[in-house]
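Structural features, examined
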Amino acid sequence: MSKKIFYSIWLVTSLVLLSCLTIVLAVVYSHFTQEQFEQLRDETRLATQGVILDGQEYIENLGQTDFRITWITSEGIILYDSEADQTVMENHLEREEIRQALETGSGQASRYSSTLSTRLLYTAQRLPDGSVLRLAITQLTVWHLFMRFLPQILIILAVALLLSSLLASRLAVRIVEPINRLNLERPMEAASTHKYDEIRPLLARLDEQRRQIQKDQEEIEKTSLIRQEFTANASHELKTPLHVISGYAELLETGMVQGDDVKVFAGKIRGESERMANLVEDIIDLSRLDGGAVGMRRERADLYRIAGNAVESLEGPASDAQVEVSLTGSPSYVSGIPHVLYSIVYNLCVNAIKYSEPGDSVTVRVHPEGSRVILRVADTGIGIPQADLDRIFERFYRVDKSHSKEVGGTGLGLSIVKHAARIHGASITVESEVGKGSAFTLSFPAAGPEEA
Ligand code: ADP
């Protein structure tokens, strides 16, 4: 960057310098031409006096001069020319300076001379007898002028270029230095003290991006930590039933268990296997939901009907637990993934049955309310202590671990509910009192009217 700035400054300075030199040369050139004319006029006046006194003899006696002297009659015929043969020269009556001299007494002109093949300055003066004396001198060309001042011009150019190089390099460093010193860790702090106002929007953008990156990084770290914890917990949860299964199997293998006990042990092995299967199923469900349910098709679904199916499928476990489950409400449409919606109602109902005592009841209600659809699963079961309410949606969190295992819990049911609700834009609230029961309320955005 500093190289680019250096070359730009250097180039601009050099161009300005060259332009100035050209202008100065033009001014000096015009001044010199005027001076030459002035001098030539004086010489013409002197020569005129000489010719008036001594005639042609005066001119001939002048010897070598810088001027060309021509004497012309009032008819334009050349009487004398110091540089050319007057007998072959054409009539000069039409020459500008001669015409002026004949009319006003004196004249001047500058033009290319075909006789001498060079550009000349002419001044002419009329004599008392009507003839005209003309003096001419080679006009100094710009090139001549340039060559005359060449040493000075070269010195000025060299000094100016050196100075501009020095200045350009210092300026380039000074311009770039504050940018290099910017503290990109704290762009806004730098913006408040930085001397370039123009750089502030850039610093503000950098700060915004830095914050976003920091937030993303924190999010990634948090997610990775949750995943690590989840993997550790899941492995632990899977290991426990495996140990139990292998322990019972070993006892059966050694023949230490006999008669009716074999049935009991086989039942325990089946129970643990079921628990493992449930856990694996929940882990798969959760990982699908964790990925945002990508690829799962949404449709207009009746949550009331879905809740009816879930309640129906739980009739067996409910009657085993001597818990009465009832469904109230009316058709309520949401836009969602039917089997995920089913898992929400199913998990909430399973918990309500699991954490109830024989004789308790579970009420499921689904109904539309304005632009929302409300699902409420309430039970008269054991309830949840206030201190645990915030944590029950965490993976593998249980209020009473042994009780949860006893009733076949995996510790993932409410996590699945939370993720499934989030995918559907639903909010969750929980009210609970120990010994009195719990109520989980989900509020879904209602689906729009059915398309024709
Ligand atoms: P689990 O498989 O252990 O039931 P969940 O994630 O479904 O795991 O629930 C987490 C914990 O929340 C449960 O262990 C239980 O202690 C508590 N819980 C959930 N639902 C209820 C409820 N309806 N009544 C009382 N406690 C509940």
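This write-up is about the structure you can find in this document. All values derive from a computational prediction rather than experimental measurement.

On to the sheet that holds strand S3 (residues 106-113), then. Note on sheets: strands pair through backbone hydrogen bonds, and any given pair is parallel or antiparallel. Across the sheet, five strands lie side by side as S2-S1-S5-S4-S3; this open sheet has antiparallel pairing. A strand with exactly one partner marks an edge of an open sheet, and here the two such strands are strand S2 (78-81) and S3. Here the strands of the sheet are splayed against their neighbours by 20° on average, with no regard to which way each runs. Note: strand S1 (residues 68-72) against S2, three bridges, orientation antiparallel. Counterpart to threonine 70 in the pairing with S2 is aspartate 81. Here helix H1 (residues 2-54) sits on the sheet in contact with S1, S3, strand S4 (118-126) and strand S5 (132-138), set at roughly 45° to S4. Contacting S1, S3, S4 and S5, helix H3 (residues 96-104) crosses the sheet at an angle of about 175° to S3.

Before going further, it helps to spend a moment on the nonpolar core. Counting 50 residues, the largest nonpolar core has Ile344, Leu348, Val364, Leu375 and Phe444 as the members making the most contacts within it. Breaking this core down by element, the ones donating at least two residues are helix H7 (200-254), helix H8 (261-290), helix H9 (303-313), helix H11 (338-354), strand S9 (361-369), strand S10 (372-379), helix H13 (413-423) and strand S12 (437-445). Sort the elements by how many residues they give to this core and H11 lands first, with nine residues. Counting 14 residues, the second largest nonpolar core, distinct from the first, contains Phe37, Phe67, Trp71 and Leu127.

Before going further, it helps to examine a nonpolar patch on the surface. A cluster of nonpolar side chains, contributed by Ile155, Val159 and Leu163, occupies part of the molecular surface with about 290 Å² of accessible area. Judged by relative accessible area, which is 56%, isoleucine 155 ranks as exposed.

What follows deals with the packing of H1 against helix H5 (residues 150-180). With their axes 8 Å apart at the nearest point, H1 and H5 run at an angle of 150° to one another. Taken together, H1 and H5 sit at an angle that is classed as roughly antiparallel. The crossing of H1 and H5 is right-handed. Only Ile153, Leu157, Ala160, Leu161, Ser164, Ser165, Ala168, Ser169, Leu171, Ala172, Ile175 and Val176 of H5 make contact with H1, whose side of the interface consists of Ser2, Ile5, Phe6, Ile9, Trp10, Thr13, Ser14, Leu17, Leu18 and Leu21. Its residues placed into classes, the contact of H1 with H5 shows 16 nonpolar, six polar and no charged.

Attention now moves to the packing of H9 against H11. One can describe the packing of H9 onto H11 by two numbers: an axis separation of 9 Å at closest approach and a directional angle of 50°. Considering their axes alone, H9 and H11 lie oblique with respect to each other. Helix-helix and strand crossings are classified by hand; for H9 and H11 the assignment is right-handed. Between H9 and H11, the residues in contact are Leu303, Ile306, Ala307, Asn309, Ala310, Val311 and Ser313 and Pro338, Leu341, Tyr342, Val345, Tyr346 and Cys349, respectively. The residue makeup of the contact of H9 with H11, split by class, is eleven nonpolar, two polar and no charged.

Take proline 317: it is sitting in helix H10 (residues 315-320). Owing to a relative accessible area of 39%, proline 317 belongs among the partly exposed residues under this scheme. As a C-alpha pair, proline 317 and valine 350 span 33 residues in sequence and 8.4 Å in three-dimensional space.

Further remarks concern the sheet that holds S9. In space, the five strands of this open sheet follow the order S7-S9-S10-S12-S11, with mixed pairing throughout. Only two strands of the sheet have a single neighbouring strand rather than two, namely strand S7 (324-329) and strand S11 (427-433). Strand-to-strand twist in this sheet, taken as the mean axis angle between neighbours without regard to direction, amounts to 10°. Pairing geometry for S7 and S9, over six bridges, is parallel. Residue pairing across strands places glycine 329 opposite valine 366, the latter belonging to S9.

A surface patch of like charges, here negative, comprises Asp216, Glu218, Glu219 and Glu221. Examined against the element boundaries, glutamate 219 turns out to sit in helix H7.

A few words on unusual backbone geometry. The phi torsion at glutamine 322 lies on the positive side, around 55°, for a residue other than glycine. Unusually for a residue other than glycine, phenylalanine 396 sits at a positive phi of about 65°. Structurally, phenylalanine 396 can be placed in the loop between S10 and helix H12 (401-406). Phenylalanine 396 sits in the buried class, given a relative accessible area of 9%.

Across all of its chains, the model carries 18 salt bridges by this definition. One salt bridge in this structure joins glutamate 38 and arginine 41, with 3.2 Å as the shortest N-O distance. Remark: arginine 41 and glutamate 38 occur in helix H1; sequence separation between them is three residues, near one turn of the helix. As a salt-bridge pair, arginine 211 and aspartate 207 come within 3.0 Å of each other at their nearest N and O atoms. Placement of both arginine 211 and aspartate 207 in helix H7 is noted, with a separation of four residues, approximately one turn of the helix. Its relative accessible area of 6% is what places aspartate 207 among the buried residues. Several salt bridges share partner residues, and in doing so they unite Glu97, Arg111 and Arg134 into one network.

Reading guide: rules and limits
- Residues numbered from 1 in each chain as written.
- Predicted model: local features only at pLDDT ≥ 70, side-chain atom pairs only at ≥ 80, totals over all residues.
- Heavy atoms only, no water.
- Pairing = 2+ DSSP bridges.
- Helix = DSSP H or I, 4+ residues; strand = E, 2+ residues; numbered from the N terminus.
- Axes fitted to C-alpha atoms, helices over the stretch in contact; angles between N-to-C directions.
- Contact = heavy atoms within 4.5 Å.
- Core = buried A, V, L, I, M, F, W, Y, C linked by side-chain atoms within 4.5 Å.
- Buried < 20%, exposed > 50% of the residue type's maximum accessible area, 1.4 Å probe, protein only.
- Patch = residues over 30% accessible without salt bridge, like charges linked within 9 Å, V, L, I, M, F, W, Y side chains within 5 Å.
- Areas by Shrake-Rupley, 256 points an atom, 1.4 Å probe, with all protein chains shown as cover.
- Salt bridge = Lys/Arg side-chain N within 4 Å of Asp/Glu carboxyl O.
- Parallel < 35°, antiparallel > 145°, perpendicular 65-115°, else oblique.
- Left-handed = near helix turned anticlockwise from the far one by under 90°.
- Nonpolar A, V, L, I, M, F, W, Y, C, P; charged D, E, K, R; others polar.
- Lys, Arg positive; Asp, Glu negative; His and termini not counted.
- Charge placed at Lys NZ, Arg CZ, Asp CG, Glu CD.

Honestly, that's just the spatial picture; any functional story needs more than this.
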